[in-house]
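Geometric and topological summary
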Amino acid sequence: MIPSEHPSVPAPRVGVLLVNLGTPDAPTPSAVRRYLAEFLSDPRVVEIPQIVWQPILRGIILRTRPKKSAHAYQQVWTDEGSPLAAITARQAKALQAAWPDVTVDWAMRYGNPAIGDRLVAMKDAGCERILIAPLYPQYCAATTATANDAAAAALATMRWQPAVRTLPPYHDDPAYIAALKQSVEAQLAALDFEPEAIVASFHGMPQRTLELGDPYHCHCMKTARLLGEALGKKLTIAFQSRFGRAKWLEPATDTVLAGLPGKGVKKVAVVAPGFSADCLETLEELAIRGRESFEAAGGERFAYLSCLNDSEPGILMLRNIIARELAGWAALA
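Residues numbered from 1 in each chain as written. Predicted model: local features only at pLDDT ≥ 70, side-chain atom pairs only at ≥ 80, totals over all residues. Heavy atoms only, no water.

A look at the overall build of the protein chain
Heads up, the condition is: By the criteria applied, helices consist of DSSP H or I runs no shorter than four residues and strands consist of E runs no shorter than two, each listed in order from the N terminus. For every residue, the accessible area (1.4 Å probe, protein chains only) is compared with the maximum for its type, and the residue is labelled buried under 20%, exposed over 50%, or partly exposed between those bounds.
On a plain count of helices and strands, the protein chain comes out with 12 helices and eight strands. Projected onto its principal axes, the C-alpha positions of the protein chain cover 80 × 50 × 40 Å. Going through the 333 residues of the protein chain one by one, you find that 52% of them count as buried.

Shown next as structure tokens:
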């Protein structure tokens, strides 16, 4: 018999926690400063000894960058708030509707809702088995690994931990490539011009990460190759979002876009197959500033093709790859 004083325990459930990079709480300098302080203090993101890096971060960067970044966020902020947070929430909602017997939640590695807070809430709701699902197709220590690190740090504080699994990278998964193909083809068909080049822009990383053994560059190259083969088109690969003075993966997206008109390419489409959801780096850096760079150099027609987001092919892809990882925990269609 269960003692009458025994605390109530919720029925055991399986949970899925979608994780994306992060976002400030508001498009204001103060909110961006808090976000950047957390983001750029992560040793997985900036691999410089903290005793050297922190005075630079707090003495220079956090005094100058927040205002500029806040202006960029203001250009893409929506009635739902941050595009990245709103889209990730919609992805979780769509998966929850498909899987009523599984608890689907979402979190941000930096900012809110925090990974640790959502893991505690899921455990309190009865989730005894949780799949941590970083939504990064290509593995990188500065994205996938740090999301898993944050989850592990939260678990380390729990007396009664749930069992956990983590979603592996899916850069070459047939379901992912097929979803990208369907999305890109549909958006290309809706254009009123035919691009003379398609640029596949991935988030940049310092060249040093490749030399240290990070597979990110290789994963990006494979994604682009497989997507190009699926589309039957040659893709121009580039890397965006350079930061600091260190050498980064090349070629740089802004340089590529500015150089295309001089090569006779006046019509271009840009796709970002390294992002699971549109965010500042796609909506402002590519769709706005990328267009400006291309047109200033003599380009005539520019199109940014949106990420998979919570589109039908995007959600079907997530259902396929997540259901596979939940095998033995939950029977999902």
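Comments concerning the packing of helix α6 (residues 174–189) against helix α12 (residues 312–325)
Heads up, the condition is: To obtain an axis, a line is fitted to C-alpha atoms, over the contacting stretch when the element is a helix, and the angle between two such axes runs from 0 to 180 degrees between their N-to-C directions. Convention used here: angles under 35 degrees read as roughly parallel, angles over 145 as roughly antiparallel, angles from 65 to 115 as roughly perpendicular, and any remaining angle as oblique. It only takes one pair of heavy atoms within 4.5 Å for two residues to be counted as in contact. All residues other than Ala, Val, Leu, Ile, Met, Phe, Trp, Tyr, Cys, Pro, Asp, Glu, Lys and Arg, Gly among them, are scored as polar; the first ten of these are nonpolar and the last four charged.
The N-to-C vectors of α6 and α12 enclose an angle of 180 degrees; their axes lie 9 Å apart at closest approach. Classified by the angle between their axes, α6 and α12 sit roughly antiparallel to one another. Contact residues: α6 offers A175, Y176, A179 and Q182, while α12 offers P313, M317, N320 and I321. Taken together, the residues of the contact of α6 with α12 sort by class into six nonpolar, two polar and no charged.

Topic: the UniProt feature "binding site: Fe(2+)" (unreviewed entry) in the protein chain
Going by this rule: UniProt positions are given in the numbering used here, feature names are shortened, and annotations may be inferred rather than shown by experiment.
UniProt's entry tags H203 and E281 with the feature "binding site: Fe(2+)" (unreviewed entry), counted in the numbering of this structure. In terms of the greatest pairwise C-alpha distance, the residues named above, spread along 79 residues, form a tight cluster of at most 8.1 Å across. Within the secondary structure, H203 sits in strand β5 (residues 197–203). Once residues within four sequence positions are removed from consideration, H203 is found in contact with Y216, F239, Q240, S241, F275 and E281. Turning to its location among the elements, E281 is positioned in helix α10 (residues 280–283). Setting aside anything within four residues of it in sequence, one finds E281 in contact with H203, Q240, S241, F275 and L286.

Description of the pairing of strand β4 (residues 163–166)
Basically, it comes down to this: The rule for pairing is simple: two strands pair if DSSP sees at least two bridges between them. Crossovers are described as right-handed under a simple rule: with the strands pointing away from the observer, the path leading from the first strand over the helix to the second runs clockwise.
Taken together, the four bridges between strand β3 (residues 127–134) and β4 define a ladder with parallel strand orientation. In the strand pairing of β4, I132 is matched with T166. The parallel pair β3 and β4 is bridged by helix α5 (residues 141–155), and the resulting crossover is right-handed.

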